[in-house]
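Results of the structural survey
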Amino acid sequence: MNGEHKITSSHRERAAICYLRQSSMAQVRQHTESTRSQYGLADAAAALGWPSTSIEVIDTDLGISGKWGVAREGFTELVTRVCTGEVGAIFGIEITRLARSNADVARLAEFARITGTLLIDPDGVYDPADVNDRVILGFKGTMGEMELHVMAQRLQANKRAAAARGELRTPLPVGLVHDDAGDIVIDPDAGVQAAIRDVFAAFTACGSAYGVVAAFAGRRFPLRAYGGAWAGQLRWGKLTHARVLGILKNPGYAGAYAFGRYTSRRTVDPGGTVHTSITERPRAGWPVLIKDHHEGYITWADYLANEARLAANHTAAGARPPREGTALCQGIIICGSCGKPMMTNYHTDQRPSYECSSRRDRLTTPSCRTVVAACVDDAVAGALLDALTPEQVALALAAADEVTGRHQRVSRAAELAVERARHAADRAERAFCQVEPENRLVARSLEARWEARLAALAEAEQALQVAQDTLPPLPSRDDLEKLAADLPALWNAPTTSARDRKRLLRTLIADVTVLPGPDHGKARIGIRWHTGATDELTIDRPAHSGTARRSPEAAIELARRLGPTTSNDELATRLNAAGHRTGHGRPFDIEAVQWIRHAYKIPVPDPYRPGEISVAEAARRAGCSTSVIYHWIHTGQLTARRGSAGRFCIPWNQQLQADCQRRIEQSGHLNPAARRTKPRQRR
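In this report, the structure presented in the accompanying data block is examined. On a predicted model such as this, the values are computed, not experimentally measured, just so you know.

Definitions and cut-offs
- Residues numbered from 1 in each chain as written.
- Predicted model: local features only at pLDDT ≥ 70, side-chain atom pairs only at ≥ 80, totals over all residues.
- Heavy atoms only, no water.
- Core = buried A, V, L, I, M, F, W, Y, C linked by side-chain atoms within 4.5 Å.
- Buried < 20%, exposed > 50% of the residue type's maximum accessible area, 1.4 Å probe, protein only.
- Helix = DSSP H or I, 4+ residues; strand = E, 2+ residues; numbered from the N terminus.
- Contact = heavy atoms within 4.5 Å.
- Pairing = 2+ DSSP bridges.
- Axes fitted to C-alpha atoms, helices over the stretch in contact; angles between N-to-C directions.
- Polar contact = N/O pair within 3.5 Å; in protein donor to acceptor, adjacent residues only side chain to side chain.
- Salt bridge = Lys/Arg side-chain N within 4 Å of Asp/Glu carboxyl O.
- Parallel < 35°, antiparallel > 145°, perpendicular 65-115°, else oblique.
- Nonpolar A, V, L, I, M, F, W, Y, C, P; charged D, E, K, R; others polar.
- Phe/Tyr/Trp six-rings, centres within 6.5 Å; stacked < 30°, edge-to-face > 60°.
- Lys NZ or Arg CZ within 6 Å of the ring centre and 35° of its normal.

It is worth spelling out the nonpolar core at this point. In this structure, I196, F200, V212 and F221 are the most contacted members of the largest nonpolar core, which totals 37 residues. Looking at this core, the elements with two or more residues in it are helix 7 (131-164), strand 7 (184-186), helix 8 (190-206), helix 9 (209-215), helix 10 (241-249), strand 10 (257-259) and helix 11 (300-312). Residues in contact with F221, not counting those within four places in the same chain, are V174, A195, I196, V199, F216, R235, W236, G237, L239, R243 and I247. Core analysis: the next-biggest nonpolar cluster, separate from the first, contains 30 residues, C368, A381, W491 and V512 among them.

The structure is reproduced here in structure tokens:
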């Protein structure tokens with residue numbers, strides 16, 4: 001072998017590593033000769049003098065690409081062992097098989113130079129410590145990377161050329177298949193067709209991908225398997241949210257052929273690891289889009305409408321789609337104090353309210369408000385219906401005519417550009433066809449001019465299509481008149497759901513703002529219409545249920561004036577005689593009077609006569625607990641009367657206090673010293 005003299009005894013004393021790699025599992029299964037040759041490197045190592053116990057094979061990277069950024073466990077292990085100095089030589093089928101990235105090969109060669117490790121392939125032995133060998137290793141690594149680039153570029157160019165003609169065969173979504181001629185057709189299975197059509201019908205009805213999943217609850221959905229043991233077979237399973245989005249976003253169901261919808265992107269984390277992810281391109285960035293390429297389940301206009309509805313449902317991008325709750329302004333109501341969206345909170349009694357979302361961040365301002373949803377919704381709905389007067393409808397129809405004319409003017413400009421480009425292409429074609437075939441120089445220049453005119457025509461047609469796609473479809477004048485006439489009845493119909501009312505509201509109203517105000521009993525509501533006009537409404541805030549059931553202010557004022565000198569029963573009599581009623585509409589009684597005293601801190605008259613004290617005071621003077629005083633009262637050992645507030649009033653003097661203290665001293669229960677020292681004799 002060329003360079004065998006570079007192998008020394010120090011190299012043979014260390015391990016010989018045979019590194020095996022193939023780019024895909026298909027190569028491992030089909031190119032068995034390459035696998036066999038790589039395993040034969042162990043025999044080559046033994047022939048060069050390494051003992052069999054020192055020869056190791058690393059084959060964990062079989063079926064893994066050697067491109068830069070691809071994590072390879074075997075290559076990582078190889079680099080680690082080289083850095084530890086335990087490897088004397090690395091055997092490979094060729095140096096470019098170690099890695100397709102020149103950076104990886106150069107890094108491995110640098111580590112091998114430091115640790116004195118040889119690199120060996122069938123071409124010879126390379127010592128990275130030798131400058132000539134290091135140059136050859138670098139050149140081979142660069143050539144291997146360039147080879148990969150050239151092959152990939154050639155393959156990708158062929159794929160793009162076939163895709164530009166709409167002839168590149170790619171895995172089709174379920175519901176579409178290739179016929180014998182290679183054309184894309186609708187799956188002949190009637191069950192599959194019905195399932196796909198029901199997905200689009202359900203999305204049209206509910207407008208939500210999750211709603212489609214709910215509509216298919218308990219129903220199986222088809223899946224066409226590609227690769228593996230079930231390749232080509234039709235499987236049935238559960239319809240998931242991700243699959244619904246994949247169906248709605250796939251232009252193939254609209255009869256369009258698309259290529260390049262996704263692209264790979266590489267990122268590097270702080271640790272230096274390269275990650276490859278797949279991202280979706282915007283429709284304007286698709287390399288190939290051929291409309292009306294094959295028969296579809298929906299039209300291209302339906303596909304664009306579904307795309308717009310999905311974008312309107314994307315809450316992470318700031319969208320606020322209408323939901324199932326009864327709160328009419330959910331998602332479009334804003335706090336006028338802090339500027340943040342207001343949350344919709346459904347309480348236990350299912351009464352929604354709008355609350356400032358700054359409460360979560362503790363950034364609320366003193367003027368941030370919480371308002372019951374019903375009062376705001378009724379005012380906004382009233383403003384919406386009032387706006388649809390005959391005069392306003394006439395203005396809206398005139399505006400619709402103006403917008404329609406504007407759309408036509410925009411489309412007309414693009415149509416004229418296409419017409420000019422087509423005329424120029426036709427002139428270039430006629431000039432090319434009239435030139436004599438022998439005049440090749442002129443024919444070549446005319447052909448280039450014709451191709452340039454065709455490219456300009458394609459760009460003009462694409463610009464026209466983009467202009468038509470970006471303009472939203474407008475309803476007809478008859479539809480607007482019919483909607484204006486039937487809207488009040490449609491709004492109040494019991495069959496109209498809360499979500500439908502929200503959709504009707506959002507067709508005219510952009511957002512609603514709860515404006516700050518000094519009066520807490522009022523609510524200022526700002527309405528911004530889609531036309532840019534604004535309106536402001538002031539409504540009465542509904543009183544809290546507890547506030548609404550409060551006693552009248554006149555009754556409270558009378559209780560404040562008479563309460564300190566009047567007993568509860570007499571005060572109830574005076575309130576009823578004055579014609580006052582409680583918040584519940586009932587006559588006043590002692591319990592109602594006691595509650596007014598507690599709620600408004602109205603003192604009660606002094607219940608004690610001269611010489612009378614309370615139970616607590618009697619317990620303090622006697623030196624016992626209140627329970628003892630209550631016991632004496634209930635057993636008749638102490639005289640007391642009930643006062644006006646139901647309290648015990650005890651006549652007290654010095655003799656009664658001395659009797660109570662003597663009773664305590666003689667009690668074995670209250671005074672442990674008075675207990676008998678001898679146990680009681682029992683018969």
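So that's the structure; there's more coming.
Glancing now at the sheet that holds strand 21 (residues 612-613). A sheet is described by the order of its strands in space; here three strands give the open sequence 21-23-22, paired in antiparallel fashion. Of all the strands in the sheet, the pair left with one neighbour each is strand 21 and strand 22 (641-642).

Spatially, four strands are ordered 14-18-19-20 in an open sheet, and the strand pairing comes out mixed. One side of each edge strand has no neighbouring strand; the edge strands of this open sheet are strand 14 (333-335) and strand 20 (534-540). For this sheet the average axis-to-axis angle between neighbouring strands, irrespective of direction, equals 25°. Taken together, the six bridges between strand 18 (residues 509-515) and strand 19 (residues 522-529) define a ladder with antiparallel strand orientation. From the neighbouring strand, T513 faces strand 19, where its bridge partner is G526. Across the sheet, helix 13 (residues 373-387) touches strand 14, strand 18, strand 19 and strand 20, and the angle it forms with strand 19 is around 40°.

Let us now look at the side chain of Q657. Locating Q657 in the fold gives a position in helix 24 (residues 654-666). You can call Q657 buried: its relative accessible area is 16%. For Q657, the side chain forms a polar contact with the side chain of W652, separated by 3.4 Å. If we skip the residues at most four places from it in the chain, Q657 touches R621 and W652.

Under the definition given, this model contains 19 salt bridges. R81 is the salt-bridge partner of E56, the closest N and O atoms lying 2.4 Å from each other. On the criterion of sequence distance, the pair formed by E56 in strand 2 (residues 55-62) and R81 in helix 5 (residues 73-83) is long-range, its members being 25 residues apart. The salt bridge partner of E536 is R524, with a shortest N-O separation of 2.8 Å. Remark: R524 occurs in strand 19 and E536 occurs in strand 20; sequence separation between them is twelve residues. The class for R524 is partly exposed, based on a relative accessible area of 29%. One connected set of salt bridges, linked through shared partners, spans E56, R81 and E86.

Our focus in this paragraph is the packing of helix 20 (residues 568-577) against helix 21 (residues 590-599). Close contact between helix 20 and helix 21 brings their axes to 9 Å; oriented N to C, the two are set at 100°. Considered as vectors, helix 20 and helix 21 are oriented roughly perpendicular to each other. In this structure, helix 20 contributes N568, D569, L571, A572 and L575 to the contact, and helix 21 contributes I590, V593, Q594 and R597. The residue makeup of the contact of helix 20 with helix 21, split by class, is five nonpolar, two polar and two charged.

Applying the stated rule across the entire model yields seven aromatic pairs. Each ring, one from W50 and one from F91, has its centre 5.6 Å from the other, and the planes form 85°; the classification is edge-to-face. You can see W50 sitting in the loop between helix 4 (41-47) and strand 2 and its partner F91 sitting in strand 3 (residues 87-91), a full 41 residues away along the chain. The buried category is assigned to F91, whose relative accessible area is 2%. Aromatic ring contacts, followed pair by pair, group F200, Y253 and Y297 into a single cluster. When the ring centre of F75 is taken as reference, the NZ or CZ atom of R72 above it lies at 4.3 Å.

Of note, Q193 is situated in helix 8. When sequence neighbours within four positions are dropped, the list of residues in contact with Q193 reads I186, D187, P188 and Y297.

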